[in-house]
Amino acid sequence: MADTIAETVDLLYTIDQEKLSVDQQIALSTALATLAQAERLDQINERLRTIQQLLTNVTHRSTVDGIR
């Protein structure tokens, strides 16, 4: 997902804003803000996956240690 976000941001930055109407500039700004939010959510999601893996490993180790 991050590659898609980065590619989209790159594409949006290639737009010549001077040629846009005020409504188009507002729409472009909204799109950039939405993409920034999506990127942040993707980062949070990745951290949550890492935490989940850590907790799964700890639980697994506790189960294995309890059996021994």
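For every chain, the first residue of the written sequence is number 1, and numbering continues from 1 along that sequence. Local features are withheld for residues below a pLDDT of 70 in this predicted model, meaning they are given only at 70 or higher, and side-chain atom pairs are given and counted only at 80 or more; totals for whole chains, interfaces and linings count all residues. Where side-chain values are given, they derive from all heavy atoms of the structure, hydrogens and water being excluded.

Enquirer: Just to check I follow, could you spell out the overall build of the chain for this structure?
Expert: Segments assigned H or I by DSSP are reported as helices when at least four residues long, segments assigned E as strands when at least two residues long, and all are numbered from the N terminus. Looking only at helices and strands, the chain features two helices and zero strands. As a reference, a globule follows 2.2 Å times the number of residues to the power 0.38, and the radius of gyration itself is taken over C-alpha atoms. Its C-alpha atoms give the chain a radius of gyration of 21 Å, clearly above 11 Å, the size a compact globule of 68 residues would have. Principal axes of the C-alpha set define a box for the chain whose edges measure 70 × 15 × 10 Å. Think of it in three bands: residues with accessible area under 20% of the maximum for their type are buried, residues over 50% are exposed, and the middle band is partly exposed, with areas taken using a 1.4 Å probe on protein chains only. Taken across its 68 residues, the chain has 10% of its residues classed as buried. All accessible-area figures derive from a Shrake-Rupley calculation using a 1.4 Å probe, and residue coverage is judged against the displayed protein chains alone. When the accessible surface of the chain is split by element, carbon and sulfur atoms take 56% of a total near 5800 Å².

Enquirer: What am I meant to see in the pattern of salt bridges here?
Expert: Pairing is possible between side chains of opposite charge, provided their charged atoms come close. Basic side-chain nitrogens of Lys or Arg form a salt bridge, by our definition, when they fall within 4 Å of a carboxyl oxygen of Asp or Glu. Per the stated rule, a full pass over the model turns up one salt bridge. A salt bridge links R49 to E46; its shortest N-O distance comes to 2.4 Å. Here R49 pairs with E46, and both are found in helix 2 (residues 22-67), just three residues apart, close to one helical turn. By relative accessible area, which is 42% here, E46 ends up partly exposed.

Enquirer: Could you clarify how one ought to interpret a nonpolar patch on the surface in this entry?
Expert: Patch membership is restricted to residues that have no salt bridge and whose relative accessible area is over 30%. Joining uses 9 Å for like charges and 5 Å for the nonpolar side chains Val, Leu, Ile, Met, Phe, Trp and Tyr. On the surface, a nonpolar cluster with roughly 470 Å² of combined accessible area is contributed by L41, I44, L48, I51 and L55. Of note, I44 is situated in helix 2. Accessibility expressed as a relative area gives 35% for I44, which makes it partly exposed.

Enquirer: Whenever I open this one, helix 2 confuses me. Can you help?
Expert: Within an α-helix, residues lying three or four positions from one another point in the same direction, as the helix has 3.6 residues per turn. Working rule for helices: expected span equals 1.5 Å times residues minus one. When the terminal C-alpha atoms of helix 2 are compared, their 67 Å separation across 46 residues agrees well with the 68 Å that a helix rising 1.5 Å per residue should span. Turning to helix 2, its buried residues number three or more, namely L28, L32, L35, A38 and D42.

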